[in-house]
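Breakdown of the fold
What follows is each chain in one-letter form.
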Amino acid sequence: MTAFVRNQWYVAAYAREVGRDLLARTILGEPLVLYRTTEGEPVALADRCVHRRYPLSESRLEGDTIVCGYHGFTYDKGGACVFVPGQTRIPRTARVASYPVVEQDSFIWVWIGDRDLADPALIPRAPWLDDSRYTVVCGMEPLAARYQLLVDNLMDLSHETYLHGGYIGTPEVADTPITTEVDEENAVIHVSRHMADAECPPFYAKSTGIQGRITRWQDIEYHPPCLYLLHSRIAPVGVLPNEDGTDPNGFHVEIVYAITPETENTTLDFWAVARDFALDDEEVTAFLAESNRTVVMQDVVALDLLEKVIANEPEGYQELSINIDTGALAARRILKRMVAESSAAASVRSSQAVPS
Ligand code: FES
Ligand SMILES: [Fe+2]
């Protein structure tokens, strides 16, 4: 059984990546081609010509249509073939799948599953990424590892102390206990770690300018399977938000990961860091972009290693879990439920399908 949750929105690309050049991306094992119409509307089609499978992403746009680069079959933005060479009759089956697409919060979201269920209201939000009160740095790293390993990694930030020492890790991260809450109804997992008096890692010392120790809060909000938010608050020790919730003396960094399975064993790791301070400071922007990319690459190297270990391990190997794993275990449980629901829905649908 595949471990994908098919009936879900996933980030396929940053909005700025999709334009009048054809972009190839594989999502949940489905090769897609992405582009924008002349009006700017984003489009996602299956990246395989119905004639002889030529990748449409290696073809060319003519207006809003794609002309296959092999023999010229031409598809409109809905995937219907509107021209075939050498004959006027277009075969009824000459169409490629088109996928629902939504542009929101600087991302292009795509729905691979049952299109009747593709409700844009279900897309989790990351509003900071498209808000002038924040400055954003972002990137995407391909992972040669299954998406579940990235989820495990992000849900347990105690690894910052060991894997990211000198960047974002300090002893207090591993030492401070977490609280985990699962909102079963909305399928959201919250993991919090509030450090009252912690060393300030270079990532925050250089960007905020705080000298000395800090109060550091990490509040994770994971919307499985596709979106992970880390609300990070940093302030000089003892500086807390006001009672009315305003927080003029705190520094806020919203760290966003869109987790998109590419294949069963590879993942697209979209990362973004939005800050509400030093908005126009280009040095801070360059520093955070470089530092965060380094941190992400430290995770990429570790997760790619884990994927290799898993590929070679004997059937039935058992891990050992401890207190720090509570958030990751909750995420695994919810993901397992979502995969089962998604597979059940797919099999009901295929048993109802009328043979054509
Ligand atoms: S493969 Fe596309 S037209 Fe032949
Ligand atoms: Fe990490």
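Residues numbered from 1 in each chain as written. Chains lettered and ligands numbered in written order. Predicted model: local features only at pLDDT ≥ 70, side-chain atom pairs only at ≥ 80, totals over all residues.

1. Points about the domain arrangement of the protein chain
Along its sequence, the protein chain is organised into domain 1 (9-121) and domain 2 (128-338). Placing the centre of domain 1 and that of domain 2 at their C-alpha centroids yields a distance of 33 Å. In this complex, domain 1 contributes 11 residues to the contact, which on the side of domain 2 involves 10 residues. Of all the elements in the fold, those that place two or more residues in the side of domain 1 that touches domain 2 are β1 (9-14) and β2 (23-27). Here the side of domain 1 that touches domain 2 is composed, by residue class, of 7 nonpolar, 3 polar and 1 charged. (Domains from an automatic or database assignment. Contact = placed C-beta atoms within 7 Å. Helix = DSSP H or I, 4+ residues; strand = E, 2+ residues; numbered from the N terminus. Nonpolar A, V, L, I, M, F, W, Y, C, P; charged D, E, K, R; others polar.)

2. Things to note about the sheet that holds strand β6 (residues 65-67)
Overall, antiparallel pairing links the 4 strands, which are arranged β5-β6-β7-β8 in an open sheet. Every other strand in the sheet has two partners, leaving β5 (60-62) and β8 (81-83) as the edge strands with one partner each. In this structure, β5 lies alongside β6, joined through 3 bridges in antiparallel fashion. Paired with L61 across the two strands is I66, which belongs to β6. (Pairing = 2+ DSSP bridges.)

3. Focus: the pairing of strand β10 (residues 101-104)
Note that β10 and strand β11 (residues 107-111) share 4 bridges and pair antiparallel. What sits directly across from E103, in β11, is I108. Linkage of β10 to β11, two consecutive antiparallel strands, is achieved through a turn of 2 residues, within which D105 is found at a positive phi near 55 degrees.

4. Quick look at the packing of helix α1 (residues 147-155) against helix α5 (residues 282-311)
Between α1 and α5, the shortest axis-to-axis distance is 10 Å and the interhelical angle comes to 130 degrees. One way to sum up the angle between α1 and α5 is to call them oblique. Seen along the crossing, α1 lies across α5 with a hand that is right-handed. Residues L149, L150 and N153 of α1 touch α5, and the partners they reach there are D299, L303, L306 and E307. Of the residues belonging to the contact of α1 with α5, the class tally is 4 nonpolar, 1 polar and 2 charged. (Axes fitted to C-alpha atoms, helices over the stretch in contact; angles between N-to-C directions. Parallel < 35°, antiparallel > 145°, perpendicular 65-115°, else oblique. Left-handed = near helix turned anticlockwise from the far one by under 90°.)

5. Brief notes about α1
With 9 of 9 residues buried, α1 lies mostly within the body of the structure. Of all the residues in α1, the buried ones are Y147, Q148, L149, L150, V151, D152, N153, L154 and M155. (Buried ≥ 20, exposed ≤ 12 C-beta atoms within 10 Å, placed from the backbone.)

6. Let's talk about unusual backbone geometry
The amide bond that connects P224 to the next residue, P225, takes the cis arrangement and shows omega of 0 degrees. Within the element layout of this structure, P225 appears in the loop between β15 (214-223) and β16 (227-236). Even without being a glycine, D105 presents a positive backbone phi close to 55 degrees. Residue placement: D105 occurs in the loop between β10 and β11. C-beta crowding within 10 Å serves as the criterion here: with 21 such atoms nearby, D105 is assigned to the buried category. In the Ramachandran plot, S106 falls in the positive-phi region, its phi being about 75 degrees despite a non-glycine side chain. You can see S106 is positioned in the loop between β10 and β11. Residue classification places S106 among the buried residues on the basis of 21 C-beta atoms within 10 Å.

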